[in-house]
Amino acid sequence: MEQGNPRKVIIIGSGPAGLTAAVYTARASLEPLMIEGEPSSTSDQPGGQLMLTTEVENFPGFPDGIMGPELMERMRAQAERFGTEIITEKVSRVELGQRPFQVWIGDPTTPEPTHTAESIIIATGAKSLMLGIEGESRLLGHGVSTCATCDGFFFRDQHIVVVGGGDSAAEEALFLTKFATTVTVVHRREELRASKIMQDRLFNNEKVRFAWNSTVDQLVGTDRLEGVRLRNLQTDEVTDLDATGLFVAIGHRPSTDLFTGQLDLEDSGYLITHDGSLTSVDGVFACGDVQDHTYRQAITAAGSGCMAAIDAERWLESQH
Ligand code: NAP
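Keep in mind it's a predicted model, so treat the numbers as computed, not measured. (Residues numbered from 1 in each chain as written. Predicted model: local features only at pLDDT ≥ 70, side-chain atom pairs only at ≥ 80, totals over all residues. Heavy atoms only, no water.)

1. Observations regarding the packing of helix H1 (residues 16–27) against helix H6 (residues 298–318)
Viewed as axis vectors pointing N to C, H1 and H6 meet at an angle of 40°, and their least axial separation amounts to 7 Å. Both H1 and H6 take part in a crossing whose hand is right-handed. Contacts from Pro16, Ala17, Thr20, Ala21, Tyr24 and Thr25 of H1 reach H6 at Ala298, Ala301, Ala302, Ser304, Gly305, Cys306, Ala309 and Ile310. Of the residues in the contact of H1 with H6, the class split is 10 nonpolar, 4 polar and no charged. (Axes fitted to C-alpha atoms, helices over the stretch in contact; angles between N-to-C directions. Helix = DSSP H or I, 4+ residues; strand = E, 2+ residues; numbered from the N terminus. Left-handed = near helix turned anticlockwise from the far one by under 90°. Contact = heavy atoms within 4.5 Å. Nonpolar A, V, L, I, M, F, W, Y, C, P; charged D, E, K, R; others polar.)

2. A look at the pattern of salt bridges
Across all of its chains, the model carries 12 salt bridges by this definition. Residues Glu31 and Lys8 are paired through a salt bridge, measuring 4.0 Å at the closest nitrogen-oxygen approach. Taken together, the residues Glu31 in the loop between H1 and strand E2 (33–35) and Lys8 in strand E1 (residues 7–12) connect sequence positions 23 residues apart. Two residues, Glu134 and Arg138, come together in a salt bridge whose shortest N-O distance is 3.9 Å. On the accessibility criterion, Glu134 (67% relative accessible area) is exposed. What makes Arg138 partly exposed here is its relative accessible area of 44%. What you see here is one network of salt bridges that share partners, running through Glu36, Arg76 and Glu80. (Salt bridge = Lys/Arg side-chain N within 4 Å of Asp/Glu carboxyl O. Buried < 20%, exposed > 50% of the residue type's maximum accessible area, 1.4 Å probe, protein only.)

3. Focus on the packing of helix H4 (residues 167–176) against helix H5 (residues 196–203)
Taken N-terminus to C-terminus, the directions of H4 and H5 make an angle of 35°; their axes are 10 Å apart at the nearest point. The chirality of how H4 crosses H5 is left-handed. Residues Asp167, Ala170, Glu171, Ala173 and Leu174 of H4 form the contact with H5, whose own contacting residues are Met198, Arg201 and Leu202. Class assignment for the residues of the contact of H4 with H5 results in 5 nonpolar, no polar and 3 charged.

4. Observations concerning the domain arrangement of the protein chain
What the domain assignment reports for the protein chain is domain 1 (7–128 + 252–318) and domain 2 (144–248). Summarising the inter-unit geometry, the C-alpha centres of domain 1 and domain 2 are found 32 Å apart. Each partner contributes residues to the interface: domain 1 has 6 residues there, and domain 2 has 7 residues. Of the roughly 600 Å² buried between domain 1 and domain 2 on both sides combined, carbon and sulfur atoms contribute 42%. For domain 1, the biggest contributors to the area lost against domain 2 are Glu55, Glu57 and Gln297; these three give 46% of the whole. Counting across the domain 1 and domain 2 interface gives 0 salt bridges. Considering only residue class, the side of domain 1 that touches domain 2 consists of no nonpolar, 3 polar and 3 charged. (Domains from an automatic or database assignment. Buried area = accessible area lost by both parts, 1.4 Å probe.)

5. Side note on unusual backbone geometry
Along the chain, Arg99 connects to Pro100 via a cis peptide bond; the corresponding omega equals -5°. Along the chain, Pro100 falls in the loop between strand E6 (91–95) and strand E7 (101–105). Positioned with a positive phi, Asp236 is a non-glycine residue whose angle comes to about 70°. Along the polypeptide, Asp236 turns up in the loop between strand E15 (227–232) and strand E16 (238–242). Notably, Asp275 is not glycine yet its phi reads approximately 50°, a positive angle. Checked against the element boundaries, Asp275 lands in the loop between strand E18 (252–254) and strand E19 (284–286).

6. A few points about the side chain of Glu136
Within the secondary structure, Glu136 sits in the loop between strand E9 (126–128) and strand E10 (144–145). Arg138 is the oppositely charged side chain nearest to the buried, salt-bridge-free Glu136, at an N-O distance of 11 Å. There is a polar contact of 2.7 Å between the side chain of Glu136 and the backbone nitrogen of Leu131. Ignoring any residue separated from it by four or fewer positions in sequence, one finds Glu136 in contact with Met130, Leu131, Val144, Leu219 and Val248. (Lys, Arg positive; Asp, Glu negative; His and termini not counted. Polar contact = N/O pair within 3.5 Å; in protein donor to acceptor, adjacent residues only side chain to side chain.)

7. Remarks on the site of the ligand
Around the ligand, the neighbouring residues are Gly164, Gly165, Gly166, Asp167, Ser168, Glu171, His187, Arg188, Arg189, Arg193, Ile250 and Gly251. A distance of 2.6 Å separates an oxygen atom of the ligand from a polar side-chain atom of Asp167. One nitrogen or oxygen atom from the side chain of Glu171 is found 2.7 Å from a nitrogen atom belonging to the ligand. Counting atoms within 2 Å of the grid points, the majority share of the ligand lands in the second largest pocket. Of the residues assigned to the shell around the ligand, the class counts are 1 nonpolar, 6 polar and 5 charged. (Near = heavy atom within 4 Å. 1 Å grid on protein atoms, 1.4 Å probe; cavity = no way out; pocket = protein on both sides within 12 Å on 5 of 7 lines; lining within 4 Å. Sits in = over half its atoms within 2 Å of the grid points.)

Here it is in structure tokens:
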């Protein structure tokens, strides 16, 4: 257990939001402690979702693009340069009902917390829901993607499959028609969940095709995606489709389990913020995808991390 006075600020999570909050709070002499997560699984690791992407071409300042993991490494180095202390552990429990706030690492049943803090910045992000089929993780960044805005450009004049029937799938599919030869929307029912206006746009786009009542059963390709095998759920019929891109758009899950019952959450699980990065508990701030299901970009996450840092700094000043 860490001894001593409470930290001025603890940042939980280390994607672009958390690391930007770290740069700003460190430069404001708040000596932040960042608990960055553990590389325990491919979808829940330090650096966040950018660690799962290949080239990032839309982050300003990198005219030739930059690989996602390298961008995160640079942000991390920048946060450390100004004195952020980073520990590679996972938070197992928080108590936000009293001050200083309490944070546990490891066994959450131990009576004493591992760390205490006057303020907390939550930047735990969100995870794309995945199909869970063989080869999906291996081909992520090599044909399989969860972000059309990030990766669509690489699929010019190619055949692409989008899985899902909600607004995300519709938005991804429509965006991808700018590049692709065809976009096949694979949906497990015969009716889309997406809003009417998005449905109309899809139906009116001549590049868009539909595979109704279907799932992607198998991925073809060892180092790169070459095709998908579809299964019709009503007839059990199997169809092979040549495709170099598969965009999984079946929803996201914000990483908010730690805060359930302690902070106001939307029904969908996202943290509710107001007036910038403020949460329902004074002194607790949130930034990045954990509170944003609309934009979900590295640059918007970074921007909101900056906001959370400034909000935390001002709040701490107001307490003394
Ligand atoms: P969503 O509305 O939950 O839709 C998820 C879609 O994926 C559904 O069609 C669902 O099928 C399908 N799905 C779920 N699990 C699946 C699985 N294991 N295999 C195959 N298909 C699966 O999620 P979303 O599209 O990400 O949208 C989330 C929220 O953000 C919504 O409120 C949406 O309106 C909003 N949003 C808005 C915009 C916009 O306004 N521009 C853009 C994006 C998102 P079923 O339909 O059968 O359940």
